[in-house]
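# A structural walkthrough
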Amino acid sequence: MRLISDADRDLTRLVNDPKFSRWLAQIKAIGGCAHPIYLSGSTLTLNPVTGEVISSYSTADEPGERLAVRCGNRRASVCPTCSYLHAGDTYQLVRAGLSGGKGVPGAVTERPRLFVTLTAPSFGPVHHALDGTRCRPRWDDPACEHGRPLGCGRIHGEDDRLVGLPLCPDCYDYVSHVLWHAHAGRLWNLFTTAVRRRLASTGGIPRSKLREHLVVSFAKVAEYQKRAAIHFHAVVRLDGPDGPGSAPASWASEELLTDAVTHAAASTFVTVPESDAYGTERIGWGGQFDARPIHPAPDSDGPSGSAVAGYVAKYVTKGAAETGAGLDYRITTPDDIRAAVVTTHIRALMATCWRLGGLAELEHLRLRRWAHSLGYRGHILTKSRRYSTTYGALREERADHRRGGPAPGADTVTESAWRFAGSGYTPAESDFAAGIAEDHAMNIQLARESREEERRYA
């Protein structure tokens, strides 16, 4: 036995456990989740009048007296199966706000709707890929004050490691880049306020009376560009005073909404408190602004609702490490920055976060805490309350489907007692879970190919 490896010994223990088949069923039920959470406890559903037990469940007879549940992580690099579910929920959430469903009336397809892109300003020239054209052609071959060329005659592919890197790191404004990230959430809030103000002004009504005529609903996703700067993609929709089920005022047109978001993008900014370390900073949007109408039909001029929802769902599962724009874990010391497997550009941004985070006037930004995400501390996806359904509602709907019906209603009483009982796998358990996850991914791929085949020959 001493010649058997720890992994083989663990495998022998696992498959000889009398409850191995039940453990395997648990892991299959969570799709081979990479980092399951284990809970111990019980749930009892009673009739409050008669005391009759309607249903009950306890982990007393489960393997290890615990139940495995999904980790729920949205990042594909952390848990592929949970991120797939999160992407599906995101697709349904965004699509419901564009096409109806999930409690949202189909009339939303008739509302003024835009797909808006808001970017960060330039912090210095970087290498970029431009569909087979040269990066930054310069005939006079100028150089910056540090002696580095200001042009680049190479043709970069999308996967070229130089794409997104500064032509001259010493010229690049890392301080402004980090401060823009730290204030991006506030800048977005000012943008939405400016949109409402512009709509009220154009409609000839006081700002305080706007909700009597229309409501601005939105959903936005944050994405890191190649240069590691956040930009936002947002769905902006005009509803009536009662939400998506009512129409906005007749004067609230698609053209008026386009004018409002364009004006707001050009006029909103945040002023950062002055400091001897960086002077005065004024944070605003970049020049690469875009606003396109969303149309119901996929073959129309603008993007369709399904296309927009698919794009948002695809990106929302990516973590900072996958996009090459940071790390998926927090940094606690400068040594973590030096040891991180990232580009020199990302390391410089994280180091700038750490340095600025030590300034008293910027303490409220918690830059050191968010150095792993380059100072950006906002959520990847946010939405207004009335835009569509919620993640919680979608997960409850999925749970109802799995148990064959909705949860007990208001005429029952549920008593629950649960506690955390561990997480993760042993080496042998991890191998089984990985195989289940691979089968799960293969089934998804085969189902997708089957649907595409059906559409092709329909």
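That block above? That's the structure.
Everything in this summary refers to the structure shown in the same document. Note that the coordinates shown come from a computational prediction; the quantities given were computed from them, not determined experimentally.

### Observations concerning the overall build of the protein
- Looking only at helices and strands, the protein has 10 helices and 11 strands in total.
- Seen along its three principal axes, the alpha-carbon backbone of the protein occupies a region of about 75 × 65 × 60 Å.
- Put simply, the protein has 458 residues, and 43% of those count as buried.
- Restricting the contact set of the protein to residue pairs at least 6 apart, pairs at least 24 apart contribute 69%.
- When the accessible surface of the protein is summed, it comes to about 23900 Å², and 52% of that surface belongs to carbon and sulfur atoms.
- Distance from the positive charge centre (55 side chains) to the negative charge centre (51 side chains) of the protein: 3 Å.

### Digging into helix α9 (residues 391–402)
- The end-to-end C-alpha distance of α9 is 17 Å, a good match for the 16 Å that 12 residues give at a rise of 1.5 Å each.
- Considered for burial, the residues of α9 that qualify are Tyr 391, Leu 394 and Asp 400.
- Looking at the buried side of α9, the elements it contacts are α3 (80–99) and β10 (381–383).

### Some thoughts on the state of the cysteines
- A full pass over the atoms with the stated rule returns zero disulfides.
- Free of any disulfide, Cys 33 has its nearest cysteine sulfur in Cys 71, 3.6 Å distant.
- Between Cys 144, a cysteine without a disulfide, and Cys 168, which holds the nearest cysteine sulfur, the sulfur-to-sulfur distance is 3.6 Å.

### Here we look at the packing of aromatic side chains
- Within this structure, the stated rule accounts for 13 aromatic pairs.
- Arranged with centres 6.1 Å apart and planes meeting at 25°, the rings of Phe 20 and Trp 23 form a pair that is stacked. Of this pair, Phe 20 and Trp 23 both sit in helix α2 (residues 20–29), three residues apart, which is roughly one turn of that helix. In terms of burial, Phe 20 and Trp 23 fall into one category: buried.
- Measuring from centroid to centroid gives 5.2 Å for Trp 188 and Phe 218, while their planes differ by 70°, and the two rings are edge-to-face. Of this pair, Trp 188 sits in helix α4 (residues 174–203) while Phe 218 sits in strand β5 (residues 215–224), placing them 30 residues apart in sequence.

### Notes on the pattern of salt bridges
- Under the counting rule described, the total for this entry stands at 16 salt bridges.
- Where Glu 62 meets Arg 22, a salt bridge forms, and the shortest distance between an N and an O atom there is 2.6 Å. Of this pair, Glu 62 sits in the loop between β2 (53–58) and β3 (67–69) while Arg 22 sits in helix α2, and the two are 40 residues apart along the sequence.
- A salt bridge links Arg 198 to Asp 259, with the shortest nitrogen-to-oxygen separation between them at 3.0 Å. Taken together, the positions of Arg 198 in helix α4 and Asp 259 in helix α5 (residues 254–267) put the pair 61 residues apart, joining distant regions of the chain.

### Quick word on the packing of α4 against α5
- Axis separation between α4 and α5 bottoms out at 8 Å; the angle between their running directions is 130°. Compared by their axis directions, α4 and α5 come out oblique. Here the hand of the crossing between α4 and α5 comes out right-handed. Judged by residue contacts, Phe 191, Ala 194, Val 195, Arg 198, Leu 199 and Thr 202 of α4 engage Leu 256, Leu 257, Asp 259, Ala 260, Val 261, His 263, Ala 264 and Ala 265 from α5.

The rules we used
- Residues numbered from 1 in each chain as written.
- Predicted model: local features only at pLDDT ≥ 70, side-chain atom pairs only at ≥ 80, totals over all residues.
- Heavy atoms only, no water.
- Helix = DSSP H or I, 4+ residues; strand = E, 2+ residues; numbered from the N terminus.
- Buried < 20%, exposed > 50% of the residue type's maximum accessible area, 1.4 Å probe, protein only.
- Contact = heavy atoms within 4.5 Å.
- Areas by Shrake-Rupley, 256 points an atom, 1.4 Å probe, with all protein chains shown as cover.
- Lys, Arg positive; Asp, Glu negative; His and termini not counted.
- Charge placed at Lys NZ, Arg CZ, Asp CG, Glu CD.
- Expected span 1.5 Å × (residues − 1).
- Disulfide = S-S within 2.5 Å.
- Phe/Tyr/Trp six-rings, centres within 6.5 Å; stacked < 30°, edge-to-face > 60°.
- Salt bridge = Lys/Arg side-chain N within 4 Å of Asp/Glu carboxyl O.
- Axes fitted to C-alpha atoms, helices over the stretch in contact; angles between N-to-C directions.
- Parallel < 35°, antiparallel > 145°, perpendicular 65-115°, else oblique.
- Left-handed = near helix turned anticlockwise from the far one by under 90°.

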